[in-house]
Amino acid sequence: MGNHGRKASAAQAGRVFHNILSIFSVKTDAPEARPGRLWLAWLPLCVCLFGLSPVELKAETYISPIITPWEYFSNGCDYDQEGPFGTEAAAQQWGLDYIAQRECGSAWIVDPGHWGTPESPTSAACGGHPWAYPEHGYPDFPEIEVANSRPVGVGYYSANLLCNGEGESGFWIYRLREVRCPQGSVPDNGQCRTDCTCGQALINGQCVDQAPVYQTQWQDNGDLWVYPHGEGNSCPVEHYPQEKSDCQVNVGNPISCASGIKTQIETDYRGAGPDPLVVQRHYQSSGVEDPSEFAMPGYGTLRLIYDSDREIAKLKWPDGGIYMFVVANGIGTSNDADKGTLTQTPGGWDYLTASGKLYQFTSGGSLITQQQPGGQSKIITYHESGPGLG
């Protein structure tokens, strides 16, 4: 590449860099935009974006598997497996009685043996089993023992000349049980994951329609989590972020720290006086969570969304900021007193800021009144045909 090509590329790169800086309201011909200070232009954005860490929440519900009681069996080289017995002692006694009868005399335990362990496994009766004990619920439940054997050494004596006199023999005791997931769930990493969908609960092994009961909890960063409760409930934990207390609402040109998105505000009209009527247009790079919000009266203004099932309310500001409130007995409170309070009224909601400014909403969440602490107020009406000022 010749010098001309390198100069053109450098110029093109300079224009791109200039355009990038202009997004954040930094002019390259300003003294503060010199190379040694350019990093200052990016600092607000970095502070804002690094505060936004996504939270991954599992939606599944895990329950314990069903483990049946042990069943015991007695087995020898010359007799088939007998059982099941409810206790180890009963299975042991059956083996002793069999040997005593076979040898025409009496029998007693010489060596009680031990149940197999991974360090010291045992085998099946007379070597008839291809692998060692204990066995576990592989592969679904590798930590839960489901089968084991115990060799028992026996001595016997008989005074009958037609029998063997005295000597030693033995038999094996087995213990077996079953491990399985309740109906409506499947094995998953040593536990059982419910297959019920959100709005169902696993009750007595069946997926039954049941609305979850919600519990709210504030997080240290100011976000609100909503936990569904109930036996076997499989609804996900819900995460409601809001503006962080240690971050400005807007920085740069501007970036909203409440959502981490680009916003733009254009003022079309501003009246006179200490609390003028202002008509503004707001742009958000993330769009809206629910397209049906476009049909709500007052879209683009401060709005309130109330969820009676979860008993939470959300204030959505035009610039993308979000305030969350937990509602109890008609009163909505935030984790931060500076965010004010909500009060449910017969006709809707009143939101009172910490500075004393009052916002009133319809039951559907549309803003209808703004009132200053001194009493000056604005009344907003909406056309029946759709959003718009009356």
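Throughout this description, residue numbers start from 1 for each chain and increase along the sequence as written. Per-residue local features are limited, in this predicted model, to residues with pLDDT of at least 70; the limit for side-chain atom pairs, both in listing and counting, is 80 or more; totals at the level of whole chains, interfaces and linings are taken over all residues. Remark: hydrogens and water are excluded; side-chain values derive from all non-hydrogen atoms of the structure.

Chemist: Is there a simple way to explain helix H3 (residues 88-102) in this structure?
Modeler: Quick reminder: α-helices carry 3.6 residues per turn. Residues three or four places apart thus point the same way. Here a helix means four or more residues in a row that DSSP labels H or I, a strand means two or more in a row labelled E, and each is numbered from the N terminus. One less than the residue count of a helix, multiplied by 1.5 Å, gives the span that helix is expected to have. For H3, with 15 residues, the first-to-last C-alpha span of 21 Å sits near the 21 Å given by 1.5 Å per residue. Within the sequence span of H3, burial applies to Ala-91, Gly-95, Leu-96, Ile-99 and Ala-100. Here, residues are in contact when the closest pair of their heavy atoms is within 4.5 Å. Among the structural elements, strand E3 (71-76), strand E4 (79-85), strand E5 (106-111), strand E7 (141-157) and strand E8 (166-176) are those in contact with the buried residues of H3. In the stretch just after H3, Cys-104 is the one whose phi turns positive, near 60°. Classification of residues uses two cut-offs on accessible area relative to the type maximum, computed with a 1.4 Å probe and protein chains only: under 20% is buried, over 50% is exposed, and between them is partly exposed.

Chemist: When you look at the sheet that holds strand E10 (residues 185-188) in this model, what are you seeing that I'm missing?
Modeler: The strands making up a sheet associate through hydrogen bonds between their backbones, and the pairing can be parallel or antiparallel. The strand order across the open sheet formed by three strands is E1-E11-E10, and the pairing between neighbours is antiparallel. Edge strands, defined here as strands with exactly one partner in the open sheet, are strand E1 (62-63) and E10. Examined bridge by bridge, E1 and strand E11 (residues 191-194) share two bridges and lie antiparallel to one another. Opposite Ile-63, over in E11, you have Cys-192 as the bridge partner. Strands pair, by our definition, only if DSSP identifies at least two bridges between them.

Chemist: It is not clear to me how the pairing of E4 should be interpreted in this structure. Could you clarify?
Modeler: Successive residues of a regular strand alternate their side chains across the two faces of the sheet. Pairing of E3 with E4 involves three bridges; the strand directions are antiparallel. When the sheet's bridge partners are listed, Ser-74 is paired in E4 with Glu-82. Between the end of E3 and the start of E4, which pair antiparallel, lie two residues.

Chemist: I would appreciate a short explanation of the sheet that holds strand E28 (residues 367-371) in the present structure.
Modeler: In spatial order, the strands read E21-E22-E23-E24-E25-E26-E27-E28-E29; together these nine strands make up an open sheet with antiparallel pairing. The open sheet has two edge strands with one neighbour each: strand E21 (303-307) and strand E29 (377-379). Shown here is a sheet whose adjacent strand axes are inclined to one another by a mean of 20°, direction ignored. As paired strands, strand E23 (residues 322-328) and strand E24 (residues 331-333) are joined by three bridges and run antiparallel to one another. Counterpart to Ala-328 in the pairing with E24 is Ile-331. Fitted lines through C-alpha atoms serve as axes, helices being fitted only where they are in contact, and the angles separating the N-to-C directions of these axes extend from 0 to 180 degrees.

Chemist: Looking at this model, I keep getting lost on the pattern of salt bridges. Mind explaining?
Modeler: Here the idea is simple: oppositely charged side chains can pair when their charged atoms come close. The rule for a salt bridge is simple: a side-chain nitrogen of Lys or Arg has to be within 4 Å of a carboxyl oxygen of Asp or Glu. Inspection of every chain in the model, using the stated rule, returns nine salt bridges. Glu-178 is the salt-bridge partner of Arg-180, the closest N and O atoms lying 3.3 Å from each other. Given the relative accessible area of 36%, Arg-180 is considered partly exposed. With relative accessibility at 41%, the residue Glu-178 sits in the partly exposed group. In this structure, the salt-bridge partner of Arg-193 is Asp-188, at a minimum N-O distance of 2.9 Å. Three or more residues are tied together by salt bridges with common partners; here these are Asp-78, Arg-102 and Glu-103.

Chemist: Hey, could you run me through the side chain of Asp-223 in this one?
Modeler: Mapped onto the elements of the fold, Asp-223 is located in the loop between strand E14 (213-218) and strand E15 (224-229). Classification of Asp-223 as buried rests on a relative accessible area of 5%. Within the structure, Asp-223 has its side chain in polar contact with the side chain of His-239 (distance 3.0 Å). Asp-223 has contacts with Gln-217, Trp-218, His-239, Tyr-240, Pro-241 and Gln-242, leaving out every residue within four places of it along the chain. Identification of polar contacts relies on pairs of N or O atoms within 3.5 Å, with a donor-acceptor requirement for protein atoms, meaning one able to donate a hydrogen and the other able to accept it, and with residues adjacent in sequence counted only if both atoms are side-chain atoms.

Chemist: Is there a simple way to think about the nonpolar core in this case?
Modeler: Inside soluble globular proteins, nonpolar side chains tend to come together where they are buried. In this description, a nonpolar core means a group of buried Ala, Val, Leu, Ile, Met, Phe, Trp, Tyr and Cys residues linked to one another through side-chain atoms lying within 4.5 Å. With 14 residues, the main nonpolar core has Leu-315, Phe-325, Leu-342, Tyr-351 and Phe-361 as its most contacted residues. If you list the elements that add at least two residues to this core, you get strand E22 (312-316), E23, strand E26 (348-352) and strand E27 (358-362). The element that contributes the greatest number of residues to this core is E23, accounting for three residues. If you look at the next biggest cluster of nonpolar residues, it comprises twelve residues, including Tyr-72, Leu-96, Val-154 and Ile-173.

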